[in-house]
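# Descriptive analysis of the structure
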Amino acid sequence: MRISYVCNECKKEYFSDKIEYVCPVCATQPVKAGEFRKGNLIVRLNREDLAKLKTKPNLSFYDFFPYPVPHSASFPIGVTPLVKPKRLQEKYGLPNLLFKLDSALPSGSFKDRASQLIVAQALAHGENKIALASTGNAGAAMSCAGAAYGLEVILFVPESAPINKLMQSVLYGATVVPVQGSYDDAFALSIYYTQQFGGINRNTAYNPMTVEGKKSVSIELFLQLGHADIDVVYVPVGDGCIYAGVCKGFIDLHAAGLIEKIPQVICVQSTKSNAISQAWKTGLFHSVSTTTCADSISVSSPANGRMAVRYIKETQSWATEVSDAEILEAQLELTRQAGVFVEPAAACAWAGLRKDVEKLKDLYGSDVSACVLLTGTGFKDMAVFDGRITLPASIANSYEAVTARFLDHQ
Ligand SMILES: Cc1ncc(COP(=O)(O)O)c(C=O)c1O
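Residues numbered from 1 in each chain as written. Predicted model: local features only at pLDDT ≥ 70, side-chain atom pairs only at ≥ 80, totals over all residues.

## Here's the deal with the site of the ligand
- The environment of the ligand is made up of 20 residues, and the closest members are Gly 238, Asp 239, Cys 241, Ser 296 and Gly 376.
- Among the secondary structure elements, those contributing two or more residues to the shell around the ligand are α9 (241-255) and α13 (344-364).
- Looking at the shell around the ligand, the element that brings in the most residues is α9, giving three residues.
- For the shell around the ligand, a count of residues per class yields nine nonpolar, eight polar and three charged. (Near = placed C-beta within 6 Å. Helix = DSSP H or I, 4+ residues; strand = E, 2+ residues; numbered from the N terminus. Nonpolar A, V, L, I, M, F, W, Y, C, P; charged D, E, K, R; others polar.)

## Focus on the environment of Asn 8
- As for its position among the elements, Asn 8 is in the loop between β1 (3-7) and β2 (13-14).
- Here Asn 8 falls in the buried class, since 22 other C-beta atoms lie within 10 Å of it.
- The sequence separation of Asn 8 and Gly 305 amounts to 297 residues, and the corresponding C-alpha distance is 11 Å.
- Dropping the residues within four chain positions of it, Asn 8 is found in contact with Asn 40, Ile 42, Arg 306, Met 307 and Arg 310. (Buried ≥ 20, exposed ≤ 12 C-beta atoms within 10 Å, placed from the backbone. Contact = placed C-beta atoms within 7 Å.)

## Here we look at the sheet that holds strand β9 (residues 200-201)
- Read from one edge of the open sheet, four strands run β8-β7-β6-β9, paired in parallel fashion. In this open sheet, the two edge strands, each paired with only one partner strand, are β8 (175-179) and β9. (Pairing = 2+ DSSP bridges.)

## Regarding the environment of Ala 401
- Secondary-structure assignment places Ala 401 in helix α14 (residues 399-406).
- Linking Ala 401 and Pro 344, residues 57 residues apart in sequence, is a C-alpha distance of 37 Å.
- If near-sequence neighbours (up to four positions away) are discounted, Ala 401 is found in contact with Ile 395 and Ala 396.

## A look at the sheet that holds β2
- Spatially, the three strands line up as an open sheet ordered β2-β1-β3, and their pairing is antiparallel. The sheet terminates laterally at β2 and β3 (41-45), the two strands that pair on one side only.
- Inspection of the sheet shows β1 paired to β3 by five bridges, in the antiparallel sense. Directly across from Val 6, in β3, lies its bridge partner Ile 42.

Purely geometric numbers; function is a separate question.
In C-alpha cells form, the structure reads like this:
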C-alpha cells in the first residue's frame, strides 16, 4: 500500500519512503505553556490502492497496512474475542451489546496492535532496534513483540513508574532505563537515543505508525461482524492514540467504499483525567491535573490530543466523562456479571456506555449495536484492589469445618 503523511495541523502532505515522525514545521513551533503539542502526522493511504480493496477476496487488516508484516503468527494480533455479554445485555436492555476483548492480545493489552506495525516498519527499513518511552502497557507490548521477533527494545521510563508494569518488560528481555525525571523527560531522552544510536522510535503520538497499527481493531471488527454496520464504539482515552486509531480504521474502510457510514466513536475519560473531553467541549487545548486511579489513562497533556478532538468532530461523536467510583464499579460489574477481568482504564469504556444507555436508546433505539473496547487485562493492575477486596479466612481441614462454614447458606 502506497502512503503519504499529512500534518494534523497545517495539512501539508509529505511523500517519503523514509521513516517519518512529526511535521517538521508544526512540531517545532513553540506551543503556549500548558497547551497540547502540535504537528502529529497522519498516514494517508493511496486512493487507487485503497479502491482495489473493495473487491479483494479474503480481506484482512493487513491489506490496509503501509508495511507487510512478516511471520505475523509469531506475534499474533487478532482476531480477539467478541463477547456477547448475555447477563449485561439483559440487564441494560441492549441485545446487541458487544465487548471486544483486546485484553486477550499477547502482552495483555491493545498496545500490541501498534507494536506489531512498528516491528514491520523496523524490518522493512533493516533496523533491529526499537526505542520508546512508556510507563506501562506500550513498553510491555513493544518488549513482548521484540522478544517474539528477536529485536532489541530500549525502554526509557520515569524512575517513579509502577514496578508491576515494568516487570513485564524486564521479563521479556528489554533494556529498561529508569530516568530521574518525568514521562516527558523519558520521552525526550528516547528521541535523543534514536538520533544518536539509531533504531526506530516507537513513541506513541510521535511515530505515526502507532496510530496506524491501532486502526487494525476497527477493520478486524468490521470483518468479524461479517461486514455488518456497527452504530457506536466506546473507547477509553488518555493520550488519544487508541481513539485516533479506531477512527482511522473506520475512515479507511469508508474511503475504500467498504462501509457507508462511519460509526460514532465515543471518547470516554475519567473526570480526573479529562483533557481531551474538555478540549472537545471548550475548544481550548489545555492540560489538566490528573489524579485518576486508572493509571493507563492518566494523562495531563495528551500527546495526540489535537488529533483526537478533530476525530471526535469528524465522526460526529462525543466525549463522556465518568468518575473513578464509576470506573471501579464498572470493573467489578464486568468481572462478576460477564466474567471479563480488565484493568480500570479498560473498564472506563464500559462505565461510559453504562452512563450513556438512555442517550443511545434515544438516538438509535434499544437495538443499537454497540461495541466496548476492552483494552487491558485486569492482571495488569492488581494494586487497585488493595483495601477493597479481602480474601476469605481459611477453614480447618475437617468435614465439621465445611459444615460450619456453609450452614448459614442453607
Ligand atoms: C489499557 C489501556 N487502555 C486505554 C489506554 C488509552 O490509550 P491512549 O493513551 O492512546 O488514549 C491505554 C494507554 O496506555 C491503555 O494502556
